[in-house]
Amino acid sequence: MTYRTLAASLLVALPLMAGCRQDERLAPPDLSNNSGMLAHYVAMGNSITAGFQSAGINDSTQRQSYAAVFARQAGAPYFYPSLNMPGCPAPFTVNTTQARLGGATAGGCALRAPNQLPFLSNVAVPGAHAIDGLTNTDPASGPNILTSLVLGGRSQVTAMQAAQPTFVTVWLGNNDVLGALTSSTNPGDPALVTSIAAFQATYKAIIDSVAATGASAALFAVADVTVIPYSTSGTIYWCLKTGVCPGVPAGGFPPTFTVSNNCAPGAAVPGAKGDSILVPWTVGVTKLSAAAAGSPQTLDCSIDAQVVTPLEYKTMRDAVVGYNAFIAAQAAAHSWPYVDPNPTLAAAKAEPAVAGQYPKVAVFPCLPFPGAPCGGKTTPTSPANVLFGTYFSLDGVHPTAEAHRVLADTLISAVNRAYGTSIPFAGP
Amino acid sequence: MRTVSVRVALGLLAASAMVPRAASAQGYGIYEQGACVMGRAGTGVASPCADGSSIFFNPAGIALADRQQFSVGGTLIAPRGAFTNDLTGQRTALKNAVYPVPNLYYVRPIGGGRAALGIGLFAPYGLTTEWPDNFEGRFLGYKSKIQAIYIQPTAAVKLGRRASLGAGFDFSLVSVQLRQRLELSSQIASPPSITFANLGIPYGTEFGDVNLHGHGSGVGYHVGIEVEPIRRVTLGARYLSRQLVKINNATAEISQIMTGIILPPNNPVAANPATGLGPAVPVDGLLAPQFGTGGPLTNQAGSTYLRLPEQLVLGVAWQVTPKAKLLGDFQYTNWTVFNQLVLDFDLLGRRVLQENYRKAYGFRFGGEYMVSPATTLRAGYYTHGAAAPPETVTPNLPEGARASFAAGLGTHLTRNVTVDVAYQYIAQADRRGRTVDGGLATPTVAVNNGLYTFHAHLISATFAFAF
């Protein structure tokens, strides 16, 4: 080999040596099942979206939220404001005594974990009414400690905008009617139901802000809070007590527990409106507990401070119908899917283990209280939970992990249909 | 109500302090100290160019000078880089800029040509990198600058007809600047450990700006040897010692940036624990005392030190024909000296950050061909590994393995005046790194959140005068 040949060979080899560099690669999420639509997913909402369960919320319950399940199924980046254990507040461990995880109190808050999040995917705040989605400073808004912990001084809208979303779900409005149902002083208080006009104005402003980002979206209908197990119709109590209703055997209520005839169905007692009266479990079970302990109790469905009256019931139902008509119209106007969770709620109530008998006092061999009559069986010696079936947690309002998976699949179905995506279902 | 007492942790100030970026060699080294050698991709330890730059490339080389040499030159470095976030897909590019690196050499033969004296001024370490001030990595640093100017008086002597030995002292003058934003969520809001993040303040909330600057000096030495063991083949070696540069007069200028955040009523800062109720809290008002008289975030002095690593270069040159020469160099740089940064602030106390740099090795290949008695063409290639470990690839120094091609031309304008020009392209391997610390005192690769890309264009010119 001549010198020149050697030199030429070396020069030719030089470019080849450039290949010695080892490029590393980006590690983007796999969004192939949604064509990248969920690159920046943001969920707006309230306690259900946030992952509230059993009157509490922590990192464990947050990860069970339908929004988390949906993002997981889609392979979407999902960043939530993780709340330290045991929670803020900690969830119930025993709802009849209101004992909470880790011995925490109702006012206790373990604050938020200091995670460095690129953006916030779940901006939902427990307790948020529709107006709280828009602003924290309006006199009508009602920020709580979680508003700060989740949003850090922002509103849900501004947090959503900061995330530069590509896809947004909005499930707001539940608390605009739920607050009336859960009032401790007057269940069903009409003053606590947001007017349809006010709801529409607020909701439209929120939707306009979502549309302005250019993101795709899906809008959830407001849940019909009158069918959740937090309350039970007066009829159920009357039938369980009397055992005279077809298909509803006697519930084994203690003799010291009386149910007034004004709780009966109109078909059984003329003039009674038990079908249109709701009894919060916090009222009914408390009375049952006291009766089981030997203190005579009467459930009187004419006492407004204890039950949701027929007029209040109608007000709540009308609000839900009015809200949802507007939400559906907004969805249609933007060509976004409208996701209705109410069939899921109805199905949950119909599950055999519940059979429409919230609370499930009738299907228990023993009432879950120490000293309660137990039909000759062993009386429980420690407090137990009143359960609300597979799909509702220990507060009777918020979905369980199982229910969140069903809700996620409901959302997935709507999104796949509307956008032609192929996000796999979470399944049971 | 919680007692809010902001305890600012400028850990990242220490993290970024004194660190240059966009350097054109390993770590924050710069190897382009003359257009002639640059045209051969830095190969020169065994056969330096006759423009005085051997003061840097091999001090022994000046012994070969037969006339006085004076050269002045410079290299313009145009770094181009970007960071792309894995999850957001957001790509942020370095600010486009061109940075000059000067060099100046003078060589004078003495003793009838058996020895020579010289002095050189060059910048073997440094550079500047600037990201947009809204870059996601701005809390680690959005602008940093280092200028390490070496002044090296040198002496060399011939050892017989086939060898020479040279040495010099290096006096370094180093100036540094770092600008970074202060991030609120990681700061202590309520002692001993509750941070603003615990209270809901989102990561990325900036509340202050820091401009840290200072200067210092150091001393080191540089030795080289050049041997021709067989005809037409020369071997060379040089060793540039490490330096410890103390920067005792650093100044941190700190200013508040308004967040505009108002925590809504019933927030965890002001709420009555019993009722959960309390007023809204403007965060800026909460922070203002920290920036006021006596606060920890007022302008203050500080000190630190910077280690400039030693270099060992071995090379060979082969005069293939009277017109053609091939060269090869091996370079070792002990970047392990850059294992941590320690910064002491008058008010903020001591901050320590682990860098854990590694030893780095490079290989250079070059050649030149005399196309006419007056003109020589040059070309070369080099490659080297990364000095930064995977866990410390940050905006401050997104360094990685590199490959580079160079080409140059030298021509005699007159008998006494030579001009050399060169171009070099540097391609760095795309490298995973981070823009955050993950809230960890010693971040791991698990915190890496994206990809740094980098390349650079360099042009250089040297005017050499012999007399």
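Our subject is the structure listed above.
Every chain's residues receive numbers from 1 upward, in the order its sequence appears when written. Note on labels: chains are lettered from A, ligands numbered from 1, in written order. The predicted origin of the model limits local features to residues at a pLDDT of at least 70 and limits the giving and counting of side-chain atom pairs to 80 or more, whereas totals for whole chains, interfaces and linings rest on all residues.

S.K.: Kindly report on the overall build of chain A, identifying the contributing residues and their values.
M.R.: The secondary structure listing takes helices from DSSP runs of H or I that are at least 4 residues long and strands from runs of E that are at least 2 residues long, numbered from the N terminus. Of the regular secondary structure elements, chain A holds 14 helices and ten strands. Neighbour counting defines burial: a residue surrounded by 20 or more other C-beta atoms within 10 Å of its own C-beta is buried, one with 12 or fewer is exposed, and intermediate counts give partly exposed, using backbone-placed C-beta atoms. The proportion of buried residues among the 428 residues of chain A is 53%. If you take every contact in chain A between residues at least 6 apart in sequence, the share linking residues at least 24 apart comes to 72%. C-beta atoms are placed from the backbone for every residue, and two residues are taken to be in contact when these atoms lie within 7 Å.

S.K.: Let's hear about the overall build of chain B: which residues, and what values?
M.R.: When helices and strands are counted, chain B shows four helices and 23 strands. Projected onto its principal axes, the C-alpha coordinates of chain B cover approximately 95 × 40 × 35 Å. In chain B, which comprises 467 residues, the proportion classed as buried is 55%. Of all intrachain contacts in chain B linking residues separated by at least 6 positions in sequence, the fraction that spans at least 24 positions is 69%.

S.K.: Can you explain helix α9 (residues 196-213) of chain A? Please cite residues and give values.
M.R.: Since the α-helix advances by 3.6 residues per turn, residues separated by three or four positions end up pointing in the same direction. All names here are of chain A. Expected span, for any helix, means 1.5 Å times one less than how many residues it has. Counted at 1.5 Å a residue, the expected span for α9 with its 18 residues is 26 Å, and the 26 Å between its end C-alpha atoms agrees. Structurally, α9 contributes buried residues whose contacts are with α5 (130-134), α7 (156-162), β4 (167-171), α8 (175-181), β5 (216-220) and α12 (310-334). Taken from the residues just after α9, G214 is the one with a positive phi, measuring 85°.

S.K.: Tell me about the packing of helix α4 (residues 66-74) of chain A against helix α14 (residues 401-419) of chain A, and name the residues and values.
M.R.: All names here are of chain A. The geometry of α4 relative to α14 is characterised by a closest axis approach of 8 Å and an angle of 55° between their N-to-C directions. In terms of orientation, α4 lies oblique with respect to α14. Two packed elements cross with a definite hand, and for α4 against α14 that hand is right-handed. In contact with Y66, V69, F70 and Q73 of α4, α14 contributes H404, R405, L407, A408, L411 and I412. Classifying every residue of the contact of α4 with α14 by side-chain character gives seven nonpolar, two polar and one charged. Lines are fitted to the C-alpha atoms to define the axes, a helix being fitted only along its stretch in contact, and any angle between axes, read from their N-to-C directions, falls within 0 to 180 degrees. Working rule for angles: under 35 degrees goes down as roughly parallel, over 145 as roughly antiparallel, 65 to 115 as roughly perpendicular, anything else as oblique. By convention, the crossing between two helices is left-handed when the near helix turns anticlockwise from the far helix through less than a right angle, and right-handed when the turn is clockwise. Under the convention adopted here, Pro, Cys and the residues Ala, Val, Leu, Ile, Met, Phe, Trp and Tyr are nonpolar, Asp, Glu, Lys and Arg are charged, and Gly plus all remaining residues are polar.

S.K.: Residues and numbers for the sheet that holds strand β10 (residues 338-339) of chain A, please.
M.R.: All names here are of chain A. Only strands joined by at least two bridges in the DSSP assignment are considered to pair. Taken in spatial order, the four strands line up as β1-β4-β5-β10 in an open sheet, and their pairing is parallel. Strands with a single pairing partner mark the edges of an open sheet, and in this sheet they are β1 (41-45) and β10. Two strands pair when backbone bridges link them, and β5 and β10 are joined in this way by two bridges, in the parallel orientation. Note that in β10 the partner of L219 across the bridge is Y338. In the packing of α14 onto the sheet, contacts are made with β4, β5 and β10, and the angle to β5 comes to roughly 135°.

S.K.: Which residues make up the pairing of strand β16 (residues 324-333) of chain B, and what are the values?
M.R.: Residue and element names in this part refer to chain B. Burial analysis of β16 places seven of its ten residues in the buried class, which makes it a mostly covered element. Bridging between strand β15 (residues 311-319) and β16 involves nine bridges; their strand directions are antiparallel. Note on β16: the bridge partner recorded for L312 is Y332. Between the antiparallel neighbours β15 and β16 lie four residues.

S.K.: Describe unusual backbone geometry, naming the residues involved and giving the relevant values.
M.R.: Here the amide bond leading from M85 of chain A into P86 of chain A is cis, since omega sits at 10°, within 30 degrees of zero. Tracing the backbone shows P86 of chain A in the loop between α4 and β2 (92-94). Of the consecutive residues P191 of chain B and P192 of chain B, the connecting peptide bond is found in the cis state with omega at 5°. Examined against the element boundaries, P192 of chain B turns out to sit in the loop between β7 (188-190) and β8 (194-195).

S.K.: Tell me about the interface of chain A and chain B, and name the residues and values.
M.R.: Tallying the contact residues gives 41 residues for chain A and 49 residues for chain B. Taken together, the elements giving at least two residues each to the side of chain A that touches chain B come down to α1 (3-17) and α6 (145-151) of chain A. Here the residues of the side of chain A that touches chain B sort into 26 nonpolar, ten polar and five charged.

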